Amino acid sequence: VKLNTHLKIKLMQETKDQVERTNIEVHDIKINKKYISVSLRGQNYDLETALSELVDNSLDAGSTKIDITYPSKKDRESSTDIIIKDNGDGMSRSELMEAMNLGCDRPYDDNEIGYFGVGMKSSLAYLSETVRIITKRKDDSFYTELEWNVEKEASYRVSKVEDGNKNRQGTTII
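Anyway, here's the lowdown on the structure attached to this text. Since the model is a prediction, treat every value here as computed from it, not as a measurement.

### Some words on the overall build of the protein chain
Inference 1: Helix and strand counts for the protein chain come out as five helices and six strands.
Inference 2: Put simply, the protein chain runs from its N terminus to its C terminus through helices and strands in the order α-α-α-β-β-α-α-β-β-β-β.
Inference 3: Counting across all 174 residues of the protein chain, residues that qualify as buried make up 29%.
Inference 4: For the protein chain, contacts bridging at least 24 residues in sequence account for 57% of all contacts bridging at least 6.
Inference 5: Accessible area of the protein chain: about 12,500 Å², with a carbon and sulfur share of 49%.

Printed below as a string of structure tokens:
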């Protein structure tokens, strides 16, 4: 059925008038920071899933080498640190801060594994109560370090530390 132009314009105006009369309100979703870490830790993760998520991120960053250090039962008496270290592209300070947001609004390549911007935070929250991320891009003269106490804070601290080795790059998660 074809409508003439006059009728189309009249229908469009009537629809616009109806929308204006409905008195629709739009509100942002409110997030209570207090419950973010609890919610992240409540995801259905196990050790393998959490580590896989972080390895996926390393692969997305172009890593050709990924080392995972997991303490033996004997070593866990003195240290429980799980360390994931890669030689990927590393992140700038702003990229690291964006990666810590729940849900990332960035362009993703078709060949990337990650997509929604939630997995890294969920994995980190599952694996540890406190997290350190140390990351460096190849030509930077510094690395960026992030510390997050998952149990106590819905915020994190970021610092810049000088590093004279411009050839070193990658990310380490402790």
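### Here's the deal with the environment of glutamate 162
Inference 1: Locating glutamate 162 in the fold gives a position in strand 5 (residues 157-162).
Inference 2: The sequence separation of glutamate 162 and threonine 144 amounts to 18 residues, and the corresponding C-alpha distance is 8.8 Å.
Inference 3: Non-local contacts of glutamate 162, meaning those with residues more than four positions away in its chain, are made with Ser141, Phe142 and Tyr143.

### Overview of the nonpolar core
Inference 1: With 18 residues, the main nonpolar core has Met120, Leu124, Val131, Ile133, Trp148 and Ile173 as its most contacted residues.
Inference 2: Counting only elements with at least two residues in this core, the list comes to helix 3 (47-60), helix 4 (93-99), helix 5 (119-127), strand 3 (130-136) and strand 4 (142-149).
Inference 3: Ranked by residue count, the leading element in this core is helix 5, at three residues.
Inference 4: If we ignore the near neighbours within four places in the chain, the residues touching isoleucine 173 are Leu54, Ile82, Ile83, Ile84, Leu124, Val131, Arg132 and Ile133.

### Considering the pattern of salt bridges
Inference 1: Under the definition given, this model contains three salt bridges.
Inference 2: Between arginine 132 and glutamate 145 there is a salt bridge, and its shortest N-O distance comes to 2.9 Å. Placement of the pair is arginine 132 in strand 3 and glutamate 145 in strand 4, with a sequence separation of 13 residues.

### Observations concerning helix 5
Inference 1: For helix 5, a buried count of seven out of nine residues is recorded, marking the element as mostly surrounded by other parts of the structure.
Inference 2: All of the buried residues along helix 5 are Gly119, Met120, Lys121, Ser122, Ser123, Leu124 and Ala125.

### Focus on the sheet that holds strand 1 (residues 66-69)
Inference 1: The strand order across the open sheet built from six strands is 1-2-6-3-4-5, with neighbouring strands paired in antiparallel fashion. Whereas interior strands pair on both sides, the edge strands pair on one side only; in this sheet they are strand 1 and strand 5. Each adjacent strand pair in this sheet contributes to an overall mean axis angle of 15°, direction not counted.
Inference 2: Contacts from helix 3 reach strand 1, strand 2 (83-86) and strand 6 (170-173) within the one sheet, and its direction differs from that of strand 1 by about 155°.

### Side note on the layout of surface pockets
Inference 1: Roughly 380 Å³ of internal volume is contained in the second largest pocket.
Inference 2: Along the walls of the second largest pocket sit 21 residues, with Thr80, Ile82, Leu127, Ser128 and Thr130 positioned nearest its centre.
Inference 3: Going through the elements one at a time, helix 5, strand 3 and strand 4 are the ones with two or more residues in the lining of the second largest pocket.
Inference 4: Considered class by class, the residues forming the lining of the second largest pocket number 12 nonpolar, four polar and five charged.

Reading the values: rules and limits
Residues numbered from 1 in each chain as written. Predicted model: local features only at pLDDT ≥ 70, side-chain atom pairs only at ≥ 80, totals over all residues. Heavy atoms only, no water. Helix = DSSP H or I, 4+ residues; strand = E, 2+ residues; numbered from the N terminus. Buried < 20%, exposed > 50% of the residue type's maximum accessible area, 1.4 Å probe, protein only. Contact = heavy atoms within 4.5 Å. Areas by Shrake-Rupley, 256 points an atom, 1.4 Å probe, with all protein chains shown as cover. Core = buried A, V, L, I, M, F, W, Y, C linked by side-chain atoms within 4.5 Å. Salt bridge = Lys/Arg side-chain N within 4 Å of Asp/Glu carboxyl O. Pairing = 2+ DSSP bridges. Axes fitted to C-alpha atoms, helices over the stretch in contact; angles between N-to-C directions. 1 Å grid on protein atoms, 1.4 Å probe; cavity = no way out; pocket = protein on both sides within 12 Å on 5 of 7 lines; lining within 4 Å. Points joined across faces, edges and corners; volume = space filled by probe spheres on them. Nonpolar A, V, L, I, M, F, W, Y, C, P; charged D, E, K, R; others polar.

None of the figures reported here should be taken as evidence of function without further support.
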